Amino acid sequence: MAQPVPPGDWAEIDRLAVHSAIPVMLDESVASADDIERTCGYGGRILAYLKLVKLGGIGPIIYVARMLAVVGDCVMIGQMNKGAAATAAALHVAIATHPAFAELYRADGLADDPITGVDDGVGTIRTDLSSGLGVGFDPAAILFIEEFGHG
């Protein structure tokens, strides 16, 4: 996803909100409580792509998504290529908040991810129905990461 204006350039975002014929979704400009409050003020003309890592995890992102829903703004839930644990967490956030859009995927190029139980198919992400995030942990993968880091 391309950021339509430089991150945090709210003067340009204001101009987009006024002049764009279609809603514009912000990605890199949505990283703090102030950014969320600003986004709420556009009445659906500026949308928010909410990422777990940037907003502080599951609790804060659910809070923000629900706050934006109250003012009628639709959101997109996503992640930042952080592995299966982040995918599972983003999936649970999407289930809890029913966003208009979600970008969920397994990590590209991540070898020996210690988290197991996240299955993806064409247009789907699934986890087990067990407790927590519905994933498992493979300690052998951590050993490989530790050895690689000290090698």
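Predicted model, so just to flag it, every value in this text is computed and none were measured. (Residues numbered from 1 in each chain as written. Predicted model: local features only at pLDDT ≥ 70, side-chain atom pairs only at ≥ 80, totals over all residues. Heavy atoms only, no water.)

(A) Layout of the packing of helix H4 (residues 58-70) against helix H5 (residues 84-97). For the pair H4 and H5, the least separation of the axes is 10 Å and the interaxial angle reads 30°. Our classification of the angle between H4 and H5 gives roughly parallel. Judged by the sense of rotation from one axis to the other, the crossing of H4 with H5 is right-handed. Every residue of H5 that contacts H4 at Ile58, Ile61, Ile62, Ala65 and Arg66 is listed here: Ala89, Val93, Ala96 and Thr97. (Axes fitted to C-alpha atoms, helices over the stretch in contact; angles between N-to-C directions. Helix = DSSP H or I, 4+ residues; strand = E, 2+ residues; numbered from the N terminus. Parallel < 35°, antiparallel > 145°, perpendicular 65-115°, else oblique. Left-handed = near helix turned anticlockwise from the far one by under 90°. Contact = heavy atoms within 4.5 Å.)

(B) Focus on helix H2 (residues 33-40). Of the residues making up H2, those classed as buried are Asp35, Ile36, Thr39 and Cys40. Buried residues in H2, looked at end-on, bunch into an arc of 140°, giving them a common side. Opposite the packed face of H2, turned more than 90 degrees from it, sit the exposed residues Asp34 and Glu37. Against the buried residues of H2 lie helix H1 (10-19), strand E1 (24-26), strand E2 (46-51) and H4. (Buried < 20%, exposed > 50% of the residue type's maximum accessible area, 1.4 Å probe, protein only. Arc of directions from axis to C-beta.)

(C) Fine view of the pattern of salt bridges. This structure, assessed with the given rule, holds four salt bridges. Linking Arg15 and Glu12 is a salt bridge whose minimum nitrogen-to-oxygen distance equals 3.5 Å. Of this pair, Arg15 and Glu12 both sit in helix H1, three residues apart, which is roughly one turn of the helix. Using a relative accessible area of 28% as the deciding quantity, one classes Glu12 as partly exposed. Notably, a salt bridge pairs Lys54 with Asp27, separated by 3.3 Å at the nearest N-O pair. Of this pair, Lys54 sits in helix H3 (residues 52-55) while Asp27 is found in the loop between E1 and H2, placing the two residues 27 residues apart along the sequence. Accessibility classification places Lys54 together with Asp27 in one group, the buried group. Ionic contacts of the salt-bridge type, sharing partners, join the residues Asp27, Glu28, Lys51 and Lys54 into one network. (Salt bridge = Lys/Arg side-chain N within 4 Å of Asp/Glu carboxyl O.)

(D) Highlighting the sheet that holds strand E3 (residues 75-78). Taking strand neighbours across the sheet as the criterion, the four strands line up as E1-E2-E3-E4 in an open arrangement whose pairing is parallel. A single partner strand is all that each edge strand has here, and the edge strands are E1 and strand E4 (101-103). Strand-to-strand twist in this sheet, taken as the mean axis angle between neighbours without regard to direction, amounts to 25°. (Pairing = 2+ DSSP bridges.)

(E) Looking closely at the pairing of E2. Counting buried residues in E2 gives six out of six residues, a clear majority hidden from the surface. On E2, burial covers both faces: Ile46, Ala48 and Leu50 on one face and Leu47, Tyr49 and Lys51 on the other are all buried. Each parallel crossover has a hand, and the one from E1 via H2 to E2 is right-handed. Pairing between E2 and E3: four bridges, direction parallel. Considered in E3, the bridge of Tyr49 is made with Met76. (Right-handed = clockwise from strand over helix to strand, strands pointing away.)

(F) Fine view of the pairing of E3. Of the two faces of E3, the one holding Val75 and Ile77 and the one holding Met76 and Gly78 are both buried throughout. The pairing of E3 with E4 spans three bridges and is parallel. Across the sheet, the residue bridging to Ile77 is Ala102, located in E4. Read from E3 through H5 to E4, the crossover connection turns out right-handed.

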